[in-house]
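# Fold and geometry: a report
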Amino acid sequence: MSFKISWTKIDEAPALASYCLLPILKSYTKGTGIEFETKDISLAGRILANFPENLTDAQKIPDYLNELGELTQDSNANIIKLPNISASIPQLKAAIKELQSKGYKIPDYPEEPKTEEEKKLKERFAKVLGSAVNPVLREGNSDRRAAASVKKFAQKHPHKMMKPWPESGSKCRVAHMKQKDFYGSEKSMTLGKDDVVKIEFVDAKGNTAALKENLKLLNGEVIDAAVMNVKELRKFFAEQIEEAKKDGVLLSLHLKATMMKISDPIMFGHAVSVYYKDALEKHADTLKQIGANVNNGLMDVLEKLKKLPDEKRKEVENDMNKVYESRPELAMIDSRINKTNLHVPNDVIVDASMPNIVRDGGKMWNKKDELQDSIAMIPDRCYATIYQTIIEDAKARGQFDPATMGAVSNVGLMAKKAEEYGSHDKTFEVKDDGVVLVVNSEGKTLLERKVEKGDIFRMCQTKDEAIKDWVKLAVNRAKASTTPAIFWLDENRAHDREIISKVKKYLPEHDTTGLEIKILKPVDAMKYTLDRTRKGLNTISVTGNVLRDYLTDLFPILELGTSARMLSIVPLLKGGGLFETGAGGSAPKHVDQLLKENHLRWDSLGEYCALVPSFEMVYEKTKNPKAKVLAETLDKAVLKYLENGKMPSRKAGEIDNRGSSFYLALYWSEALASQNDDAELKSRFVKIYRELSANEKQIVNDLISVQGKPADIGGYYLPDDKKAFTVMRPSATFNKIIDGM
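As a starting point, this report considers the structure included with it. (Residues numbered from 1 in each chain as written. Predicted model: local features only at pLDDT ≥ 70, side-chain atom pairs only at ≥ 80, totals over all residues. Heavy atoms only, no water.)

### As for the overall build of the protein chain
The secondary structure content of the protein chain amounts to 28 helices and 24 strands. On C-alpha atoms alone, the protein chain measures out to a radius of gyration of 26 Å, which is about the 27 Å that the 2.2 N^0.38 rule sets for 741 residues. Along the first, second and third principal axes, the C-alpha set of the protein chain runs to 80 × 70 × 65 Å. Per-residue burial for the protein chain yields a buried fraction of 60% across its 741 residues. Considering only residue pairs separated by 6 or more positions, the protein chain has 79% of its internal contacts joining residues 24 or more positions apart. Taken as a whole, the protein chain presents about 30,000 Å² of accessible surface, with 48% of it coming from carbon and sulfur. Across the protein chain, the 114 positively charged side chains and the 108 negatively charged ones have centroids separated by 2 Å. (Helix = DSSP H or I, 4+ residues; strand = E, 2+ residues; numbered from the N terminus. Rg over C-alpha atoms; globule rule 2.2 N^0.38 Å. Buried < 20%, exposed > 50% of the residue type's maximum accessible area, 1.4 Å probe, protein only. Contact = heavy atoms within 4.5 Å. Areas by Shrake-Rupley, 256 points an atom, 1.4 Å probe, with all protein chains shown as cover. Lys, Arg positive; Asp, Glu negative; His and termini not counted. Charge placed at Lys NZ, Arg CZ, Asp CG, Glu CD.)

### Describing the pattern of salt bridges
Following the criterion strictly, the structure yields 56 salt bridges and no others. The partner of Arg-548 in a salt bridge is Asp-549, and the shortest N-O contact between them spans 3.5 Å. Asp-712 is the salt-bridge partner of Lys-723, the closest N and O atoms lying 3.1 Å from each other. On the criterion of sequence distance, the pair formed by Lys-723 in helix 27 (residues 721-728) and Asp-712 in the loop between helix 26 (696-705) and helix 27 is long-range, its members being eleven residues apart. On the basis of relative accessible area, Lys-723 is assigned to the partly exposed category, the value being 37%. When its relative accessible area of 46% is taken as the criterion, Asp-712 is described as partly exposed. Residues participating in the shared-partner salt-bridge network are Lys-93, Glu-111, Asp-300 and Lys-304. (Salt bridge = Lys/Arg side-chain N within 4 Å of Asp/Glu carboxyl O.)

### Overview of empty space enclosed by the protein
As enumerated under the stated definition, the model contains six cavities of 30 Å³ or more in all. Forming the boundary of the largest cavity are 20 residues, of which Met-260, Asp-264, Asp-380, Tyr-383 and Tyr-550 lie nearest the centre. Counting residues per element, the ones that place at least two in the lining of the largest cavity are helix 10 (263-275), helix 16 (381-397) and helix 20 (545-560). Residues that form the lining of the largest cavity fall into these classes: 13 nonpolar, two polar and five charged. (1 Å grid on protein atoms, 1.4 Å probe; cavity = no way out; pocket = protein on both sides within 12 Å on 5 of 7 lines; lining within 4 Å. Points joined across faces, edges and corners; volume = space filled by probe spheres on them. Nonpolar A, V, L, I, M, F, W, Y, C, P; charged D, E, K, R; others polar.)

### Topic: the side chain of Glu-186
Considering the arrangement of structural elements, one finds Glu-186 in the loop between helix 8 (182-185) and strand 6 (187-190). At 2.9 Å, the side chain of Glu-186 and the side chain of Arg-493 are in polar contact. Those residues in contact with Glu-186, other than ones at most four positions away along the chain, are Asp-224, Ala-225, Ala-226, Tyr-421, Arg-493, Ala-494 and His-495. (Polar contact = N/O pair within 3.5 Å; in protein donor to acceptor, adjacent residues only side chain to side chain.)

### Focus on the packing of helix 23 (residues 625-643) against helix 24 (residues 657-674)
Contact pair helix 23 / helix 24: the axes reach a minimum separation of 8 Å and the direction vectors enclose 130 degrees. In terms of their interaxial angle, helix 23 and helix 24 are classed as oblique. Like other packed secondary-structure pairs, helix 23 and helix 24 cross with a definite hand, here right-handed. Judged by residue contacts, Val-629, Leu-630, Thr-633, Leu-634, Lys-636, Ala-637, Val-638, Lys-640 and Tyr-641 of helix 23 engage Ser-660, Leu-664, Tyr-667, Trp-668, Glu-670, Ala-671 and Leu-672 from helix 24. Classifying every residue of the contact of helix 23 with helix 24 by side-chain character gives eleven nonpolar, two polar and three charged. (Axes fitted to C-alpha atoms, helices over the stretch in contact; angles between N-to-C directions. Parallel < 35°, antiparallel > 145°, perpendicular 65-115°, else oblique. Left-handed = near helix turned anticlockwise from the far one by under 90°.)

### Quick notes on the sheet that holds strand 9 (residues 222-228)
In a beta sheet, neighbouring strands are held together by backbone hydrogen bonds and run either parallel or antiparallel to one another. Reading across the sheet, the four strands line up as 6-9-19-16 and stay open at both edges, with antiparallel pairing between neighbours. Both outer strands of the open sheet, strand 6 and strand 16 (427-429), are each paired with one neighbouring strand and no more. Averaged over all pairs of adjacent strands, the angle between their axes in this sheet comes to 10 degrees, without regard to strand direction. Looking at chain direction, strand 6 and strand 9 are connected through four bridges and run antiparallel. Pairing of Met-189 across the sheet is with Ile-223, part of strand 9. (Pairing = 2+ DSSP bridges.)

### Observations concerning the environment of Asp-455
Among the structural elements, Asp-455 can be located in the loop between strand 18 (445-451) and strand 19 (456-462). Spatially, the C-alpha atoms of Asp-455 and Glu-232 are 9.8 Å apart, while their sequence positions differ by 223 residues. Residues within four places of Asp-455 in sequence aside, it is in contact with Val-227, Met-228, Asn-229, Val-230, Phe-428, Glu-429 and Val-430. Separated by 2.8 Å, the side chain of Asp-455 and the backbone nitrogen of Glu-452 make a polar contact.

### Points about the side chain of Ser-409
Note that Ser-409 resides in strand 15 (residues 408-412). Beyond its immediate chain neighbours, meaning those up to four positions away, Ser-409 contacts Arg-144, Arg-145, Thr-539, Ile-540 and Ser-541.

### A closer look at the nonpolar core
Of all hydrophobic cores here, the largest spans 74 residues; its most connected members are Trp-7, Tyr-28, Phe-615, Trp-668 and Leu-692. Within the second largest apolar cluster, 42 residues are counted, among which are Cys-172, Leu-250, Tyr-383 and Ile-391. (Core = buried A, V, L, I, M, F, W, Y, C linked by side-chain atoms within 4.5 Å.)

### What about unusual backbone geometry?
Of note in this structure, Lys-416 is not a glycine but carries a positive phi near 55 degrees. One can find Lys-416 in the loop between strand 15 and strand 16. A relative accessible area of 24% means that Lys-416 is categorised as partly exposed. For Asn-598, which is not a glycine, the phi torsion comes out positive at approximately 55 degrees. Relative to the elements of secondary structure, Asn-598 occurs in the loop between helix 21 (587-597) and helix 22 (605-622). Accessibility expressed as a relative area gives 9% for Asn-598, which makes it buried.

### Remarks on the sheet that holds strand 2 (residues 34-40)
With mixed pairing, ten strands are arranged side by side in an open sheet as 2-1-3-24-23-4-15-22-20-21. With partners counted over all chains shown, the strands left at the sheet margins are strand 2 and strand 21 (517-520), one partner each. Ignoring which end each strand starts from, the neighbouring axes of this sheet average 20 degrees apart. Pairing analysis gives three bridges linking strand 20 (residues 485-488) to strand 22 (residues 539-543), with the strands arranged parallel.

### Describing the environment of Ser-252
Inspection of the secondary structure puts Ser-252 in strand 10 (residues 250-253). Considering only alpha carbons, one finds Ser-252 and Leu-21, 231 residues apart in sequence, at a separation of 38 Å. Excluding residues that lie within four positions of it along the chain, Ser-252 makes contacts with Ala-331, Asn-341, Met-364, Ser-374, Ile-375, Ala-376 and Met-377. Polar contacts involving the side chain of Ser-252 include one to the side chain of His-254, which spans 2.8 Å. A polar side-chain atom of Ser-252 sits 2.8 Å from the main-chain carbonyl oxygen of Ile-375.

### Brief notes about a negative patch on the surface
Together, Glu-616, Glu-620, Glu-632, Asp-635 and Asp-677 make up a region of like negative charge exposed at the surface. Of all the elements in the fold, those that place two or more residues in the negative patch are helix 22 and helix 23. In this fold, Glu-616 is placed in helix 22. (Patch = residues over 30% accessible without salt bridge, like charges linked within 9 Å, V, L, I, M, F, W, Y side chains within 5 Å.)

### Description of the packing of aromatic side chains
Under the criterion given, the structure shown has 20 aromatic pairs. Each ring, one from Tyr-275 and one from Tyr-324, has its centre 6.3 Å from the other, and the planes form 55 degrees; the classification is tilted. Taken together, the residues span a long stretch of sequence, with Tyr-275 in helix 10 and Tyr-324 in helix 14 (residues 310-326) at a distance of 49 residues. For Tyr-275, a relative accessible area of 1% translates into the label buried. Put simply, the rings of Trp-7, Tyr-28, Phe-36, Phe-615, Trp-668 and Phe-685 touch in pairs and so form one group of aromatic residues. Between Arg-327 and the ring centre of Tyr-275, over which it is positioned, the NZ or CZ distance is 5.9 Å. (Phe/Tyr/Trp six-rings, centres within 6.5 Å; stacked < 30°, edge-to-face > 60°. Lys NZ or Arg CZ within 6 Å of the ring centre and 35° of its normal.)

None of this, on its own, says anything about what the molecule does.
If you want it as structure tokens, here you go:
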């Protein structure tokens, strides 16, 4: 019986790494009854699948994301999900431009639609923006932790990136709103029956407009409604600008404009427009004429200025530059090209950027390419306070030590699109003063929020089935690891109060004898967890979807140096498995280096680790003994890979991702050749191990000698497969051994 593992074709560095790794996997599993199939859910692939009528037959590709969504309902689903682009508008536009240049007749993205046709087109593109993939595939809750071998290695060989918190004191702090944010305005309730609701806007004159219709809800489902007041938001930004100037610290903004694709770009735009207020207001008419959009960051404004005559362009640019004379310095993304924190909304992503501030001693990079104390603006209070708590802890007790830190794993509530905030079809920028209502099928108002023009309204759903499974997973993990499990829930927040009642309802359904399970508000949960981690003790954080995202970057970056080394297992509700392979936040920088120097420093350890439970699941489903052997031997290979330090270097001319995958293949073949549980695999891999060992020096030389020169992969969002394979498989000796299996 053949069993298929679905490998996702995605974007950027992990996609390039797959050109090297997948041929190894396909060859090593040949004849075992296990097959790898590739499903293209890259940004380019999602765009092409969404516009089949614009393409020739040769250009068309299936809607693989929809196929994988259907597969999650199959008990035999086994999906390896690599990190994909959660596209911001600038990324979407860049991908469209590349596709058009390659002969794909994809329409331009209508940023400000004027006709009905353009409005429909914008809605169509919305399907590929932001967190388009995760809600479809994550039909289960998340079990995210470092593999035991990875954690042991990290403690034995701690990463060198931690910088001390200054004993003289630090001006670093997290700034958040005190009122009228999502946290303060949130209302929540649990449905008592299945229902169909709609979201309506009623203006000051009583005119009603439907924002969302036919929204099907289930009995026991938790729904929320919250509003970000933009007047208060802009006041907050203005206050922090003054504070940063007064304190002489860098100003930085930390949002998630990729995943929260509707709400956070709007908030980002307000930060840009407040900081550059004088110049933007002076030239408002000109900027409107050329279609500059601050929600896409300062870079969009500067790019659009190129449409102007040189004299006018220079006038606007000069006024933009004058702003810096009276404003605090901005944290930099790349000081060499004067790229600031406010240039592009997808450059600074809160879950990846805040751990770096902790790691770097409360500092970010300034325009002199030096580290400097910073104010981190995280407007909404829902989770900003956890970052302030860890910063206060570091100020008081000093930097964390990766050699002694305990592990913080996570059980995350995300099944059935749980807590998809600010990124979907229930988030709106309000056009006028009025109220937004959530109305049920009987005409009864379930939730109501007063709004002002420009405010951001968001509604959220969390299904009862997902919460019940989440509680079960938390108890199971606590039992399996004999580790305290802490639910991070705030009784002062409307949504969390509803979730707390369900946790208290479902916990008694499980035997929790001898287990330590607590419900603590996020600030207290952070303090409790930090006390334990500093003592070298492990803790399970049990959180909602957003905190799952944040904590599974925060602690791994401190503990392991990167969140890409985390093992992320999603037991699907229907019995299958989704195995996620780590974060991709630094992937764009890795691609840039490959293009310039033919060196890919992406570490595929997340992929290696995810394959172990994937093979284990194949064995559980089929009792195929070869799957068990593959899992056990791969686990040994990963440990040797770590112990021998075969991770990619950051420098060209040294081992990179291709060399790492070679050594994984070498160590895996050694483990397969040494095992005695499967004679056929043993016989086969004795020969492979002998060949790889004998040619190690030649292969490593092949993989390193090509470095130092630019590489051509035929595209960023849609690489040319032939060119990409050539770049990522440059050793003819290695290829001959692998392909000849």
